[in-house]
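Coordinates in review
Spelled out, the chains give:
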Amino acid sequence: MSTAIWVVVALVVVAVLAAAGYLALTRSRTARLRRRFGPEYDRVLERQGGRAAAERELRSREQRHEELELRELDPRRREEYREQWVRVQERFVDAPEAAVEQADQLVTVVMGERGYPARGFEEKVAHLSVEHGRTMDHYRRAHAISGKATTQEASTEDLRQAMVHYRALFEELLAPHGEAHHGKGEEHTAEPTADGEHAGRHAAAPTGPAAGHRGDERTMRS
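So, a few notes on the structure that sits alongside this text. As the structure is a computational prediction, the values presented were derived from the model and not from experiment. (Residues numbered from 1 in each chain as written. Predicted model: local features only at pLDDT ≥ 70, side-chain atom pairs only at ≥ 80, totals over all residues. Heavy atoms only, no water.)

**Observations concerning the packing of aromatic side chains**
Note the threshold: A pair of aromatic rings is counted whenever rings of Phe, Tyr or Trp (Trp by its six-membered ring) have centres within 6.5 Å, and the orientation is called stacked for planes under 30 degrees apart, edge-to-face for over 60 and tilted otherwise. Segments assigned H or I by DSSP are reported as helices when at least four residues long, segments assigned E as strands when at least two residues long, and all are numbered from the N terminus. A 1.4 Å probe rolled over the protein chains alone gives each residue an accessible area, and that area as a share of the maximum for its type sets the label: buried under 20%, exposed over 50%, partly exposed in between.
Across all of its chains, the model carries three aromatic pairs by this definition. Arranged with centres 4.9 Å apart and planes meeting at 20°, the rings of Trp 85 and Phe 170 form a pair that is stacked. With Trp 85 in helix H4 (residues 75-91) and Phe 170 in helix H8 (residues 156-174), this pair connects stretches of sequence that are 85 residues apart. Judged by relative accessible area, which is 0%, Trp 85 ranks as buried. Phe 170 sits in the buried class, given a relative accessible area of 0%. Centre to centre, the rings of Phe 121 and Tyr 139 are 5.0 Å apart; their planes meet at 50°, and the pair counts as tilted. Pair noted here: Phe 121 is in helix H6 (residues 121-132) and Tyr 139 is in helix H7 (residues 136-150), with a separation of 18 residues, a long-range link. Summarising the burial analysis for this pair, Phe 121 and Tyr 139 share the class buried. Every member of this aromatic cluster is reached through a ring pair, and the members are Phe 121, Tyr 139 and Tyr 166.

**Observations concerning helix H2 (residues 39-48)**
Our working definition: The directions considered for the arc run from the helix axis to the C-beta atoms.
Along H2, the residues that are buried comprise Glu 40, Tyr 41 and Val 44. In a view along the axis of H2, the buried residues occupy a sector of 105°, so they form one face of it. Positioned one or two residues after H2, Gly 49 has a phi angle of 80°, which is positive.

Below, the structure is given as structure tokens:
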């Protein structure tokens, strides 16, 4: 074969190898983002209308997340917040709407102390989703019910579910680094069952003072 043909063959081989490498890279990136963001990946994919745009959004979240100065809570503060949570749940019996509002406020306070932005729901979700992507569905549902509660459209059962959803994120925010369920299989995708317990073990079995209140959901059902 002539030199020209060999050049063409070489260029074709290089192009094929480059395409294969690019495909492998994009597949690896997609798999990583899916692991990291969990159900939030699919939500962003649906909203953006395409994988490339969705992954640009998620990588942008990662970049902005790196700029945060996040910090862990010391053990004393964790116990104080858990005690506050118990008091909020105890209030649910007499004032469910107020308890849900306080639960939202308490979660926001913990976010702020951890170093997350504490204003703007979508902004909070964007930053939280990088490390707590599998809990964002809980947070979104709780937020939606809170909105219904402000217009008196939420039933007592709705409000109880909001407390369960808020607690899932609350416990994860309190967990020491490495103990949150970010990226660990499907533990955090479990839905609340009809009686408010979780099929997953994270929200159903908190540690610390709250663990002594196995009547948490039972109190809300009283």
